[in-house]
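Letter by letter, the chains look like this.
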Amino acid sequence: MISTLPTAPGIDLSKLRLDVRNLLPQLVSWRRQFHQYPELGFQEALTAAFVCDRLREWGIDYQAGIAKTGIVAVIEGSQPGPTIALRADMDALPVQEQNEVPYRSRHEGKMHACGHDGHTAIALGTAYYLAHHRSQLAGTIKLIFQPAEEGPGGAKPMIEAGVLHNPDVDAIFGLHLWNNLPLGTVGVRPGPLMAAVELFACTLFGKGGHGAMPHQTIDSVLVGAQIVTALQTIVARNIDPIDSAVVTVGEFHAGTAKNVIADQARLAGTVRYFNPALEGVIRERVESIIAGICAAHGARYELDYRSIYPATVNDPAAADRVRRVAETVIETPIGVVPNCQTMGGEDMSFFLKEVPGCYFFVGAANPDRGLAFPHHHPRFDFDETALAMGVELFLRIIESFGTP
């Protein structure tokens, strides 16, 4: 997989303003600080304290403790204009890091294996620049430092706490450093960028017995196996082929001995789709299939089905704005990737349901330096040059709203 990634032939850093180029060593330092001390969702106390110290140092107003560890910083320009929000997630993953680097995680079993340390550094860098260029800023910028994107989800409680109001946000933008794209690229598209995420767990209750006397039993393994197979017909036969969807059973647990028919089995999996119109549709089919197969065999079931995140859907005008901005920053032969999508999920989706905006990918892989392991891998890392590109992209998006 790593060897097939395209490599950006040349990165022209002259497209970045001098202040941002000069800021890159500081961005790297901040990112490595976060990387060494990763924290899980709603536990980002050290990260939040570090962010608050920098904001205070730069004279930026902020409110901390939102949704436990979230922060909202507000920077008012010298001229009137819209209120633009920028969002960065702060949490890490329960992954044991395998990288042998000076900045490897010092928290056992925890790692920034998805790039959120970089997102926080980019937001800090953007705050630093804006704080020192208020006279050139029209309108108000809200920087949302969000906890718990990896779970159980920090966007929704931050929204419920009112972070999109006082003043009301006119548009919101966020980025994800993305190792599925090479350094020197931006992935952006209108409409769905990332999938809705739904999870299910089902316990099947049969009747156990001797493996040599199956007629005396209700075989929960057989029932479960038929359910696993039948669930794959949902995408194949119930979803419009134009729509993308996934139904994956990732767990199947049953039995304790070779010659015993298990009385219980447990299945668990995930559902993904882009089209918001499919909300509830797959859930109904999952339960219908489980109920029908159980009834046919005389088994019972208990189903726990949860919608976690809706699809991340970009406003077309906002996505076009990001595309036009990206074309002024990145001019490699690969450049802007217009149809970049993933079945991964993101709770940025909740913000985009409330106000128009755009979430986009900033290519961060560099296979030549061994920086191309996939997200959530214990050896995940990225080319830190992308940090300066992220700051420049955020600044130009802000300026595209009319800053002189």
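These numbers were taken from a predicted model, which means no experiment stands behind them.

Conventions and cut-offs
Residues numbered from 1 in each chain as written. Predicted model: local features only at pLDDT ≥ 70, side-chain atom pairs only at ≥ 80, totals over all residues. Heavy atoms only, no water. Phe/Tyr/Trp six-rings, centres within 6.5 Å; stacked < 30°, edge-to-face > 60°. Helix = DSSP H or I, 4+ residues; strand = E, 2+ residues; numbered from the N terminus. Buried < 20%, exposed > 50% of the residue type's maximum accessible area, 1.4 Å probe, protein only. Lys NZ or Arg CZ within 6 Å of the ring centre and 35° of its normal. Polar contact = N/O pair within 3.5 Å; in protein donor to acceptor, adjacent residues only side chain to side chain. Contact = heavy atoms within 4.5 Å. Pairing = 2+ DSSP bridges. Right-handed = clockwise from strand over helix to strand, strands pointing away. UniProt positions renumbered as here; feature names shortened; annotations may be inferred. Axes fitted to C-alpha atoms, helices over the stretch in contact; angles between N-to-C directions. Salt bridge = Lys/Arg side-chain N within 4 Å of Asp/Glu carboxyl O. Expected span 1.5 Å × (residues − 1). Arc of directions from axis to C-beta.

Participant: So, the packing of aromatic side chains: which residues are in play, and what are the values?
Facilitator: One pass over the structure, following the stated rule, counts 9 aromatic pairs. With a centroid separation of 5.1 Å and 75° between ring planes, the pair formed by Trp 58 and Tyr 128 is classed as edge-to-face. Taken together, the residues span a long stretch of sequence, with Trp 58 in the loop between α2 (45-57) and β1 (61-66) and Tyr 128 in helix α3 (residues 116-131) at a distance of 70 residues. With a relative accessible area of 31%, Tyr 128 lands in the partly exposed category. Here the aromatic rings of Trp 178 and Phe 361 are separated by 4.1 Å at their centres, their planes lie at 10°, and the arrangement is stacked. Linking Trp 178 in strand β5 (residues 171-182) with Phe 361 in strand β16 (residues 357-365), this pair joins segments that are 183 residues apart in sequence. Judged by relative accessible area, Trp 178 falls into the buried class, the value being 8%. For Phe 361, a relative accessible area of 0% puts it in the buried group. Three or more aromatic residues joined by ring pairs form one cluster here, namely Trp 30, Trp 58 and Tyr 128. In this arrangement the basic side chain of Arg 54 is found over the ring face of Phe 50, its NZ or CZ atom lying 4.4 Å from the centre. Over the ring of Phe 205 we find Arg 300, and its NZ or CZ is 4.7 Å from the ring centre.

Participant: Residues and numbers for the side chain of Thr 69, please.
Facilitator: Position of Thr 69 among the secondary structure elements: in the loop between β1 and β2 (70-76). Classification of Thr 69 by relative accessible area gives buried; the value is 10%. At 2.5 Å, the side chain of Thr 69 forms a polar contact with the side chain of Glu 44. Thr 69 has contacts with Phe 42, Gln 43, Glu 44, Ala 45, Ala 48, Met 90 and Pro 147, leaving out every residue within four places of it along the chain.

Participant: Describe unusual backbone geometry, and please don't skip the residues or the numbers.
Facilitator: Backbone torsion omega between Gly 151 and Pro 152 reads 5°, so that peptide bond is classified as cis. By secondary structure assignment, the location of Pro 152 is in the loop between β4 (138-146) and α4 (155-160). Cis geometry marks the peptide bond from Asn 166 to Pro 167; its omega dihedral reads 0°. Relative to the helices and strands, Pro 167 resides in the loop between α4 and β5. One non-glycine residue, Ala 67, lies in positive phi territory at about 50°. For Ala 67, a relative accessible area of 18% translates into the label buried. Even without being glycine, His 376 reaches a positive phi, approximately 75°. Its place among the elements puts His 376 in the loop between β16 and α9 (385-399).

Participant: Could you give an account of the pairing of strand β3 (residues 79-89), naming the residues involved and the relevant values?
Facilitator: Pairing geometry for β3 and β4, over 8 bridges, is parallel. In the sheet register, Leu 86 faces β4, and the bridge partner there is Leu 143. Since β3 and β4 lie parallel, the crossover through α3 that links them has a hand, and here it is right-handed. With 4 bridges connecting them, β3 and β5 associate as parallel partners. Looking across to β5, one finds that Ile 84 is bridged to Ala 171.

Participant: Can you tell me about the UniProt feature "domain: Peptidase M20 dimerisation" (unreviewed entry) in the chain, naming the residues and giving the values?
Facilitator: UniProt tags residues 202-301 as "domain: Peptidase M20 dimerisation" (unreviewed entry). Between the C-alpha atoms that bound residues 202-301 there is a distance of 7 Å. The span itself is 36% helix and 30% strand.

Participant: Lay out the sheet that holds β4 in plain terms, naming residues and giving numbers.
Facilitator: Here 8 strands make up an open sheet; going across it, the order is β1-β2-β4-β3-β5-β16-β6-β15 and the pairing mixed. Every interior strand has two partners, whereas the edge strands, β1 and β15 (335-337), have only one. Direction aside, neighbouring strands of the sheet carry axes that sit 25° apart on average. Two elements, β5 and β16, share 8 bridges in a ladder whose sense is parallel. Residue pairing for β16: Gly 174 is matched across the bridge by Tyr 359.

Participant: Account for the environment of Ala 148, with residues named and values stated.
Facilitator: Following the sequence through the fold, Ala 148 ends up in the loop between β4 and α4. For Ala 148, a relative accessible area of 0% puts it in the buried group. Linking Ala 148 and Phe 42, residues 106 residues apart in sequence, is a C-alpha distance of 5.6 Å. The residues touching Ala 148, leaving out its near neighbours within four places in the chain, are Gly 41, Phe 42, Glu 44, Asp 91, Gly 153, Gly 154, Tyr 309 and Asp 347.

Participant: Any details on the pattern of salt bridges? Residues and values, ideally.
Facilitator: Per the stated rule, a full pass over the model turns up 19 salt bridges. Between Asp 117 and Arg 31 there is a salt bridge, with the nearest N and O atoms lying 2.9 Å from each other. With Asp 117 in helix α3 and Arg 31 in helix α1 (residues 18-36), this pair connects stretches of sequence that are 86 residues apart. Look at Asp 117 and you get buried, because its relative accessible area is 0%. Asp 320 is the salt-bridge partner of Arg 324, the closest N and O atoms lying 2.9 Å from each other. With Arg 324 and Asp 320 both in helix α7 (residues 316-329) and 4 residues apart, the pair spans about one turn of that helix.

Participant: Give a description of α7 that names residues and reports values.
Facilitator: The end-to-end C-alpha separation of α7 is 20 Å, in line with the 20 Å expected for 14 residues at 1.5 Å each. Along α7, the residues that are buried comprise Ala 318, Ala 319, Arg 321, Val 322, Val 325, Ala 326 and Val 329. The buried residues of α7 occupy an angular sector of 155° when the element is viewed end-on, so they sit on one face. Exposed side of α7, more than 90 degrees from the buried face: Pro 316 and Ala 317 are the residues found there. Buried residues belonging to α7 abut β5, β6 (185-187), β14 (312-314), β15, β16 and α9. One side-chain oxygen of the residue at the start of α7 lies 3.2 Å from the amide nitrogen of Ala 317, identifying that residue as Asp 315.

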